[in-house]
Structures are given as structure tokens and as C-alpha cells.
Amino acid sequence: MPFREINSKMVEATVIPGQRMFSQRGAMLAYRGDVTFTPNTAGGQGGLMSMIGRRVAGEATPLMTVEGNGTVMFGHGGHHIQVIALTGDTLYVEADRLLAFDGTLEQGTMFMGSQGGVMGMVRGQVSGQGLFTTTLRGHGSVAVMAHGGVVELPIAPGRPVHVDPQAYVAHHGDVRNKLSTALGWRDMVGRGSGEAFQLELSGSGAVYVQASEEKL
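For clarity, every value in this text was computed on a predicted model and none was experimentally measured.

From N to C terminus, the protein includes 3 helices and 13 strands. For the protein, with 216 residues in total, the buried portion stands at 50%. The contacts of the protein with a sequence gap of at least 6 include a subset with a gap of at least 24, amounting to 81%.

On to the side chain of Glu 12. Assignment of secondary structure puts Glu 12 in strand S2 (residues 10-15). By relative accessible area, Glu 12 is classed as buried at 10%. For Glu 12, the side chain forms a polar contact with the side chain of Arg 32, separated by 2.8 Å. In this structure, Glu 12 is in contact with Pro 2, Phe 3, Arg 4, Ile 6, Arg 32, Thr 71, Val 72 and Met 73, ignoring residues within four places of it in sequence.

What follows is about the pattern of salt bridges. Enumeration over the complete set of coordinates arrives at 3 salt bridges. In this structure, Glu 12 and Arg 4 form a salt bridge, with 3.0 Å as the shortest nitrogen-oxygen distance. Residue classification places Arg 4 among the partly exposed positions, given a relative accessible area of 48%. Between Arg 32 and Glu 12 there is a salt bridge, and its shortest N-O distance comes to 2.8 Å. Separated by 20 residues along the polypeptide, Arg 32 in strand S4 (residues 28-40) and Glu 12 in strand S2 bring together distant segments of the chain. Residues joined by salt bridges that share partners form a network here, namely Arg 4, Glu 12 and Arg 32.

Here we take up the side chain of Asp 164. On the secondary structure map, Asp 164 appears in the loop between strand S11 (161-163) and strand S12 (168-181). In terms of polar contacts, Asp 164 uses its side chain to reach the backbone amide nitrogen of Gln 166, at 2.9 Å.

Moving on, we come to the pairing of strand S1 (residues 3-7). In terms of strand pairing, S1 meets S2 through 4 bridges, oriented antiparallel. If you follow Phe 3 over to S2, its bridge partner there is Ala 13. Hairpin connection from S1 to S2: 2 residues lie between these consecutive antiparallel strands.

Here Phe 197 is to be found in strand S13 (residues 197-210). Distance in space between the C-alpha atoms of Phe 197 and Ser 180 is 5.9 Å, their sequence separation being 17 residues.

Before going further, it helps to spend a moment on the environment of Gly 158. Tracing the chain through its elements places Gly 158 in the loop between strand S10 (150-155) and S11. Spatially, the C-alpha atoms of Gly 158 and Ser 202 are 7.5 Å apart, while their sequence positions differ by 44 residues.

In this section: the confidence of the model for the protein. Mean pLDDT over the protein works out to 79, with 70% of the residues at or above the 70 mark. Within the protein, no element has a lower average pLDDT than helix H1 (residues 47-56), which sits at 44, and none a higher one than S2, at 96. This model gives residues 45-59 a pLDDT under 50, and the stretch forms 36 contacts once residues within four places in sequence are excluded. Below pLDDT 50 for its whole length, residues 116-130 participates in 41 contacts with residues either more than four positions away or in separate chains.

Position of Val 209 relative to the elements: it lies in strand S13. Given a relative accessible area of 13%, Val 209 falls into the buried group. Each C-alpha atom, one on Val 209 and one on Tyr 168, is 5.0 Å from the other, the two residues being 41 residues apart in sequence. If near-sequence neighbours (up to four positions away) are discounted, Val 209 is found in contact with Gly 149, Val 150, Val 151, Leu 153, Val 163, Ala 167 and Val 169.

Definitions and cut-offs
Residues numbered from 1 in each chain as written. Predicted model: local features only at pLDDT ≥ 70, side-chain atom pairs only at ≥ 80, totals over all residues. Heavy atoms only, no water. Helix = DSSP H or I, 4+ residues; strand = E, 2+ residues; numbered from the N terminus. Buried < 20%, exposed > 50% of the residue type's maximum accessible area, 1.4 Å probe, protein only. Contact = heavy atoms within 4.5 Å. Polar contact = N/O pair within 3.5 Å; in protein donor to acceptor, adjacent residues only side chain to side chain. Salt bridge = Lys/Arg side-chain N within 4 Å of Asp/Glu carboxyl O. Pairing = 2+ DSSP bridges. pLDDT = per-residue confidence, 0-100.

So, in C-alpha cells, the structure goes:
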């Protein structure tokens, strides 16, 4: 169920009988046809544990189940929208950046510290982003939100990409993340972006970076 980009801040999706999609509550701008929007209490296909994980993480972004026969236009807060197509791999994205995604995708939750160790935990604290990240896996499309536009940076073996943690939007592929700092622990207090912190992503895949550090 691919999204059609109307402009940089609006996308349209076709909803057909027998298939469903999920959207952030308040993301529907307009629709045509016989389409229903139902509050989702199970956290998508990730089920109850996915919902619990997001609540523990402070990322209990409410979802709506979208079903029926018609077309729906999505947008939220005037944010830039980036459409990402998944072909069997896993997308890692902050829950509050999800605008809408195919119901065929399996939703889960990953603790960032599992990839970045202690520094992965620090990343969540200093950047203001959650320690948990939502995962979407399978074949389908995802529409994510960002500030000021998005650029996709490829990650190749031996060529890691360093990103300001607050400019990070999402990543996919066989990628590991690690937070590094050029400052001592005393200097880290009160500093959450810029040259003080760098999120290093290595492996093979891609990372999506937003133009503004503003948090959604």
C-alpha cells in the first residue's frame, strides 16, 4: 500500500478491503470513500508487549487503525514527510516520528542500549529521545515526520556515518549505533547536540537525517 506524495507535507494512501494500515492519531487530513478510523489498543502487529514497551519508554504514541475502501490524505503539524519503502528489512524509528505505515509490517520495540551499550543509554538521556526505538519489519511503506526536510545517507562497510543525535530520524539495514563524545563527563552536563555528541552508525544500510534539530 504505497504512499503517494502530494507535496512535502502531505501524502495520500489507497485503502482497499481486506487490508489495513496504522496512522498516528490526528494525522488524517481528509479522505474519500468508505473508510473507518478506530483507536488501536494493541500497539499494531507488535501486540500487547509492543504497547507495553512503548509505554515504558514514554513513547505511547496513540495509533489509529485505518480500514475500508477509499483514499486518505495524511499530514501532521506541518512537518516534512519522508516515505520509506521496506523490502523485508527492519526500520528503526522514534515512535513519535511515525505518521502512517502499512498494516503488513510487524511492529516491535528495541532498547537502544542493546546496540550502543551504556553509551546508547546516554544517547537517549542527553538527546531527549527515548531509550526505546520502534521497529517496523517486512514488506511495505512507512511515512515518517521530520523538521525542515530529510536526507538519506548511505552507510557502507568501513565508512560509518556520524550524526547529531537530535538530527537522527530513522535508519535501516545491518547497522550498529554508538554514541561518542569529544568531551569529558563533566563537560557533558547540559550539552545535548552539536560537536559534543556524535551518533556513529556503522555497517551496511542507510540513515535518515533531518535538517533541524527540533524535537517533535
